[in-house]
Amino acid sequence: MAENKKAILRRRKAVQATQKITRAMKMVAAAKLRRAQDRVLGARPYARELARMLGRLVAAGAGKEHPLLRPREVDDPKVAYVVISADRGLAGSYNVNIIRAAQEALRRETRTVRLITIGRKARDFFVKRGVKPLREWVYLGEEARWPVAKEIVGELMQLYLSGEVDEVRILYTEFINPVTQRPTEIQLLPLPAPAEAEAGSLVDYIYEPSPEAVLERLVPRYVETVFFQTMLEAKASEHGARMTAMGNATDNATELIAKLTLQYNRARQAAITKEISEIVGGAEALK
Amino acid sequence: MAGEIQVTVITPERTVLKDLACDAVILPVVDGSMGILPLHAPMVAVLRTGILKLKHDGRYEPVAVMGGFAEVSEDRVTILAEAAERAEEIDVLRARAAKERAEARLRSRQENIDRARAEAALQRALVRLKVAGYLAENRRN
């Protein structure tokens, strides 16, 4: 009986130690999630204004021929799938979901596929299965940064413009709210032109120095912005998923600790009862 | 009063200033500077890395702008910049370090350096230092 009691105590201590870790991870993730959420919101005005400007230019008839906007007609087109995952695990089903969505997309795709990974988890998964990514980025930090995003998307545009790939699609996790994230696929290149639906958008604008020069610079910036947005959302989703997963783990630990405490007390009581009955039995025998 | 211009400056990472009422705006456009007064015609302009000047409260406030676009319409000016900082937000030490790094790279006469990139970095650092300098001058007064 004494052995059993000790074992229960040891087990409870272990669970308590684990709970300390999961609780700390949950709190860290919550703090990071807040920042990531602020960054998603902070990036929206820029994306919105840029989309408006570009939409107006395209509506005015400019840019039909811009290489980043015009769909390409080629034999055997190559499609690049960019999968954005996390570098670390312990984020519930975050990595599993996005990787599964990627597998699904790759299986459905009938054209020639090129894989590009962001984050260690996606890279490891596909490398283990013998798929070598065309490009890979890992350990980009706990926060999506503009200069980093710009560098990556610059390379994606390079791949597209050089004709190495004919389409670029992004698979990332859309951030809906802290407990809900959804794997999502978008087409980055050729860029689907943003619709300009606003009334009064037909005002004649002066373009300085010229509409072509403005478009020339606007389109790459817009591609960068769209990509940056996906990285921001993926990061917020990751922290949200981790926070939820660690919250659940902490709750489970609390439950387990309560159960173990109950078991321990039962064992203790049983031992005491047994001891008393032995003493009583012994006293009886002496009579 | 001829009216005011509402100025908003946005970067991919944040909103630097929103609806600041100004009497005049000077934009760093690609081939020089361009003054904007109230009732300006609708316009979209490409900006270079330079100093945006916003006239409010009787003086021009400089803002460091790292390339981008400006849209003028209905007495609103919206600046979309890769990065932008007001004088008090500038990290002078970092800008100074960036300036020295860029200058060293330009001096090094190696074949494999990206001159355009180094020059752009130098330009950014100079603009930042200049804008921050304005602040120091004003403080002395």
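Structure first, text after, so check above.
In this text the structure is predicted, and so the values were computed from the model without any measurement.

*Asks:* It is not clear to me how the interface of chain B and chain A should be interpreted in this structure. Could you clarify?
*Replies:* Quite often, the size of an interface is put as the accessible area lost when its parts meet. With 24 residues of chain B in contact, the opposing surface of chain A contributes 28 residues. At the boundary of chain B with chain A, total buried surface from both sides reaches about 2,200 Å², with 65% on carbon and sulfur atoms. One salt bridge connects Glu71 of chain B with Arg52 of chain A, and the closest N-O pair in it is separated by 3.6 Å. There are 10 residue pairs in polar contact (both at pLDDT 80 or more) connecting chain B and chain A. Counting residues per element, the ones that place at least two in the side of chain B that touches chain A are strand E5 (43-56), strand E6 (59-73) and strand E7 (76-81) of chain B. No other element matches the 5 residues that E6 of chain B contributes to the side of chain B that touches chain A. Looking at the side of chain B that touches chain A, its residues break down into 15 nonpolar, 4 polar and 5 charged.

*Asks:* Which parts of the structure should I look at to understand the packing of helix H2 (residues 94-108) of chain A against helix H3 (residues 120-128) of chain A?
*Replies:* What describes two packed helices is the angle between their axes and the distance between those same axes. All names here are of chain A. Contact geometry for H2 and H3: axes closest at 10 Å, N-to-C directions at 50 degrees. Here H2 lies oblique to H3, going by the angle between them. Between H2 and H3 lies a crossing whose hand is right-handed. Of the residues in H3, those touching H2 at Asn95, Ile99, Ala102, Gln103 and Leu106 are Lys121, Ala122, Phe125 and Phe126. Class assignment for the residues of the contact of H2 with H3 results in 6 nonpolar, 2 polar and 1 charged.

*Asks:* What exactly am I supposed to notice about helix H4 (residues 146-161) of chain A here?
*Replies:* Residues and elements named next belong to chain A. Here H4 contains 16 residues, and its C-alpha end-to-end distance of 22 Å stays within 8% of the 22 Å for a straight helix at 1.5 Å per residue. Those residues of H4 that sit buried are Trp146, Ala149, Ile152, Val153, Leu156, Met157, Leu159 and Tyr160. Down the axis of H4, the buried side of the element spans an arc of 155 degrees, and every buried residue falls inside it. The exposed residues of H4 that point more than 90 degrees off its buried face are Pro147 and Glu151. Turning to H4, the residues buried within the fold contact strand E1 (78-84), strand E2 (112-118), strand E3 (135-137), strand E4 (167-177), strand E5 (180-189) and helix H5 (211-286). Remark: Gly163 follows H4 within two positions and exhibits a positive phi of approximately 85 degrees.

*Asks:* Is there a simple way to explain the pairing of E2 of chain A in this structure?
*Replies:* For a regular strand, the rule is simple: side chains alternate between the two faces of the sheet. All names here are of chain A. Relative to E2, E1 is paired through 7 bridges, and the arrangement is parallel. Across the sheet, the residue bridging to Tyr81 is Leu115, located in E2. Handedness of the crossover is the feature at issue here: the chain leaves E2, passes through H3, returns alongside E3, and the resulting connection is right-handed.

Conventions and cut-offs
Residues numbered from 1 in each chain as written. Chains lettered and ligands numbered in written order. Predicted model: local features only at pLDDT ≥ 70, side-chain atom pairs only at ≥ 80, totals over all residues. Heavy atoms only, no water. Contact = heavy atoms within 4.5 Å. Buried area = accessible area lost by both parts, 1.4 Å probe. Salt bridge = Lys/Arg side-chain N within 4 Å of Asp/Glu carboxyl O. Polar contact = N/O pair within 3.5 Å; in protein donor to acceptor, adjacent residues only side chain to side chain. Helix = DSSP H or I, 4+ residues; strand = E, 2+ residues; numbered from the N terminus. Nonpolar A, V, L, I, M, F, W, Y, C, P; charged D, E, K, R; others polar. Axes fitted to C-alpha atoms, helices over the stretch in contact; angles between N-to-C directions. Parallel < 35°, antiparallel > 145°, perpendicular 65-115°, else oblique. Left-handed = near helix turned anticlockwise from the far one by under 90°. Expected span 1.5 Å × (residues − 1). Buried < 20%, exposed > 50% of the residue type's maximum accessible area, 1.4 Å probe, protein only. Arc of directions from axis to C-beta. Pairing = 2+ DSSP bridges. Right-handed = clockwise from strand over helix to strand, strands pointing away.

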